Amino acid sequence: MILCYTYLCVHSLGETVMAETVNFTGAVDRELLKRAKIIAAKSDTSVNALFNAELRYLVETFEAAEASDNQNFKTLLDFSLGRAGDHVAMTALGIDSQEDLFLLMAQAHLPMPRLPEPTTQSMVDSLHALAP
């Protein structure tokens, strides 16, 4: 077991190792960042610490699933990112209800899905067609 904090990792064997960190630039939705800052303040932590924890969880979960040749996490991630629709994901996971799919999403600690781009565009086109 390894517990990692912003700059320090403590292995279960009692060995302490400094984690190598790098700075990077990314873009995030302004409203999302505002909400993240509120959560960080309420949790007495930083947005950076929240980001590191979530990214670490995502990467470690994906790698563990990949190492065990389990494609379920990749399927759920594709669904979460809007790269796969609900029917495709349910078929790949061998489930037949959207409720089960959303429960798996929650268990996998993944955000709720975005609509696939073609679906979103189709909705936009339909709304534009309604306008006089």
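This text goes with the structure placed above it.
Residues numbered from 1 in each chain as written. Predicted model: local features only at pLDDT ≥ 70, side-chain atom pairs only at ≥ 80, totals over all residues. Heavy atoms only, no water.

1. Comments concerning the overall build of the protein
Here's step 1: Scanning the protein from N- to C-terminus turns up 6 helices and 3 strands.
Here's step 2: Secondary structure elements of the protein occur, N-terminal to C-terminal, as β-β-β-α-α-α-α-α-α.
Here's step 3: Of all 132 residues assigned to the protein, the portion counted as buried reaches 17%.
Here's step 4: At a minimum sequence separation of 6, the contacts of the protein that also span at least 24 residues come to 34%.
Here's step 5: For the protein, the accessible area works out to roughly 10,300 Å², and carbon and sulfur atoms hold 59% of it. (Helix = DSSP H or I, 4+ residues; strand = E, 2+ residues; numbered from the N terminus. Buried < 20%, exposed > 50% of the residue type's maximum accessible area, 1.4 Å probe, protein only. Contact = heavy atoms within 4.5 Å. Areas by Shrake-Rupley, 256 points an atom, 1.4 Å probe, with all protein chains shown as cover.)

2. Regarding the pattern of salt bridges
Here's step 1: Evaluation of the coordinates by the stated rule reveals 3 salt bridges.
Here's step 2: Here R56 ties to E60 by a salt bridge, and the two come within 3.6 Å at their closest N and O atoms. Taken together, the positions of R56 and E60, both in helix 2 (residues 47–67) and 4 residues apart, correspond to about one turn of that helix.
Here's step 3: Looking at R56, the relative accessible area reads 38%, which means it is partly exposed.
Here's step 4: One salt-bridge network, held together by shared partners, links K74, D78 and R83. (Salt bridge = Lys/Arg side-chain N within 4 Å of Asp/Glu carboxyl O.)

3. A few points about the packing of helix 2 against helix 3 (residues 72–80)
Here's step 1: The N-to-C vectors of helix 2 and helix 3 enclose an angle of 135°; their axes lie 8 Å apart at closest approach. Looking at the two axes, helix 2 sits oblique to helix 3. Here L58, T61, F62 and A65 of helix 2 come into contact with helix 3, specifically with F73, K74 and L77.
Here's step 2: Per-class residue counts for the contact of helix 2 with helix 3 are 5 nonpolar, 1 polar and 1 charged. (Axes fitted to C-alpha atoms, helices over the stretch in contact; angles between N-to-C directions. Parallel < 35°, antiparallel > 145°, perpendicular 65-115°, else oblique. Nonpolar A, V, L, I, M, F, W, Y, C, P; charged D, E, K, R; others polar.)

4. Looking at the packing of aromatic side chains
Here's step 1: The final tally for this structure, using the stated rule, is 3 aromatic pairs.
Here's step 2: Both rings, one in F24 and one in F51, keep their centres 5.6 Å apart while their planes meet at 40°; by these two values the pair is tilted. With F24 in the loop between strand 3 (16–18) and helix 1 (30–42) and F51 in helix 2, this pair connects stretches of sequence that are 27 residues apart.
Here's step 3: According to the relative accessible area criterion, F24 is exposed, its value standing at 59%.
Here's step 4: Looking at F51, the relative accessible area reads 37%, which means it is partly exposed.
Here's step 5: Both rings, one in F62 and one in F73, keep their centres 6.2 Å apart while their planes meet at 70°; by these two values the pair is edge-to-face. Placement of F62 in helix 2 and of F73 in helix 3 is noted, with a sequence separation of 11 residues between them.
Here's step 6: On the basis of relative accessibility, which here comes to 25%, the residue F62 falls in the partly exposed class. (Phe/Tyr/Trp six-rings, centres within 6.5 Å; stacked < 30°, edge-to-face > 60°.)

5. So, the environment of T45
Here's step 1: In this fold, T45 is placed in the loop between helix 1 and helix 2.
Here's step 2: With a relative accessible area of 36%, T45 lands in the partly exposed category.
Here's step 3: Residue contacts for T45: discarding those within four places in its chain leaves A40 and L50.

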